[in-house]
Amino acid sequence: MSDNNPCLSCGACCAHFRVSFFWGECQSAGGLMPDDQVVLITPHRVAMRGTESKPTRCTALLGDVGQGVRCTLYKERSSTCREFEASWVNGEHNPQCDSARSAHGLPPLMPPVAPSIAPERVA
Ligand code: SF4
Ligand code: SF4
């Protein structure tokens with residue numbers, strides 16, 4: 001994760017949504033996620049511990065939302081976490097990113113401003 005990643009000073013989605021995924025991503029099924037970090041929510045799905053009920057906050061999230069955060073399971077994180085992208089980081093808007101940030105009193109991320117191009121001088 002690069003230093004200019006907006007997620008490093010946010011963390012809102014980790015403290016807003018139920019973060020669920022297929023149980024097959026857990027270590028006991030051959031995946032990466034430690035089993036003790038999840039709770040079973042359906043026969044085939046688990047949720048990150050702390051996100052299965054309100055108030056929501058993944059127990060793997062360290063720090064203060066909107067200030068500075070770190071995921072202690074970054075390398076082992078689920079497909080749900082890997083696929084959730086901050087708005088505009090890859091050029092696409094993610095309304096769920098806006099929603100999570102808004103729930104924590106944070107403004108939506110804005111698309112990068114295109115560099116202005118000076119008009120060509122006409123001789
Ligand atoms: S809400 Fe958006 S900016 Fe904040 S941590 Fe999640 S993806 Fe990153
Ligand atoms: S595992 Fe990491 S990225 Fe996923 S919700 Fe928890 S703190 Fe956020």
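Calculation criteria
Residues numbered from 1 in each chain as written. Chains lettered and ligands numbered in written order. Predicted model: local features only at pLDDT ≥ 70, side-chain atom pairs only at ≥ 80, totals over all residues. Heavy atoms only, no water. Helix = DSSP H or I, 4+ residues; strand = E, 2+ residues; numbered from the N terminus. Rg over C-alpha atoms; globule rule 2.2 N^0.38 Å. Buried < 20%, exposed > 50% of the residue type's maximum accessible area, 1.4 Å probe, protein only. Contact = heavy atoms within 4.5 Å. Areas by Shrake-Rupley, 256 points an atom, 1.4 Å probe, with all protein chains shown as cover. Lys, Arg positive; Asp, Glu negative; His and termini not counted. Charge placed at Lys NZ, Arg CZ, Asp CG, Glu CD. Near = heavy atom within 4 Å. Nonpolar A, V, L, I, M, F, W, Y, C, P; charged D, E, K, R; others polar. Pairing = 2+ DSSP bridges. Core = buried A, V, L, I, M, F, W, Y, C linked by side-chain atoms within 4.5 Å. Axes fitted to C-alpha atoms, helices over the stretch in contact; angles between N-to-C directions.

S.K.: Before we move on, can you summarise the overall build of the protein chain with the specific residues and values?
M.R.: Helix and strand counts for the protein chain come out as two helices and five strands. For a compact globule of 123 residues, the expected C-alpha radius of gyration is about 14 Å, and the protein chain comes in at 18 Å, more than 25% above that figure. By the burial criterion, 28% of the 123 residues in the protein chain qualify as buried. In the protein chain, 47% of the contacts between residues at least 6 apart in sequence involve partners at least 24 apart. When the accessible surface of the protein chain is totalled, it reaches about 8200 Å², and 56% of it is carbon and sulfur. Where the 11 positive side-chain charges of the protein chain centre and where its 12 negative ones centre are 3 Å apart.

S.K.: Please provide a residue-by-residue account of the environment of C7, values included.
M.R.: Residue position: C7 is located in the segment before strand 1 (20-22). Residue classification places C7 among the partly exposed positions, given a relative accessible area of 31%. C-alpha of C7 to C-alpha of T59: the two residues are 52 residues apart in sequence and 17 Å apart in space. When sequence neighbours within four positions are dropped, the list of residues in contact with C7 reads V69 and A86.

S.K.: A description of the site of ligand 1 should follow, citing residues and the corresponding values.
M.R.: Near ligand 1 you find C7, C10, G11, A12, C13, F84, A86, C97, R101 and L109, and these make up its full shell. When its residues are assigned to classes, the shell around ligand 1 shows eight nonpolar, one polar and one charged.

S.K.: Could you give an account of the site of ligand 2, with specific residues and numbers?
M.R.: Close to ligand 2 lie C14, V19, M48, C58, A60, L61, C71 and C81, which account for all nearby residues. Its residues assigned to classes, the shell around ligand 2 shows eight nonpolar, no polar and no charged.

S.K.: Describe the pairing of strand 5 (residues 68-71), and please don't skip the residues or the numbers.
M.R.: Note on strand geometry: in a regular strand, side chains alternate between the two faces of the sheet. Inspection of the sheet shows strand 4 (residues 61-64) paired to strand 5 by four bridges, in the antiparallel sense. Within the sheet, the bridge partner assigned to G63 lies in strand 5 and is V69. The antiparallel hairpin formed by strand 4 and strand 5 contains three residues in its connecting segment, where G66 sits at a positive phi of about 85 degrees.

S.K.: Give a detailed account of the nonpolar core, specifying residues and quantitative values.
M.R.: Formed by V19, F21, C26, M33, V38, V46, M48, C58, A60 and L73, the largest nonpolar core amounts to ten residues. With residues near it in sequence (within four places) discarded, C26 still touches F21, G31, L32, M33, D35, V38 and V46.

S.K.: Would you mind going over the sheet that holds strand 3 (residues 45-48) in detail, with residue names and values included?
M.R.: If you trace the three strands from one edge of the open sheet to the other, you get 1-3-2, paired in antiparallel fashion. The open sheet has two free edges, formed respectively by strand 1 and strand 2 (38-42), since each of these has just one partner strand. Strand-to-strand twist across the sheet, computed as the mean angle between neighbouring axes with direction ignored, equals 40 degrees. Inspection of the sheet shows strand 2 paired to strand 3 by four bridges, in the antiparallel sense. Across the sheet, V39 pairs through a bridge with A47, a residue of strand 3.

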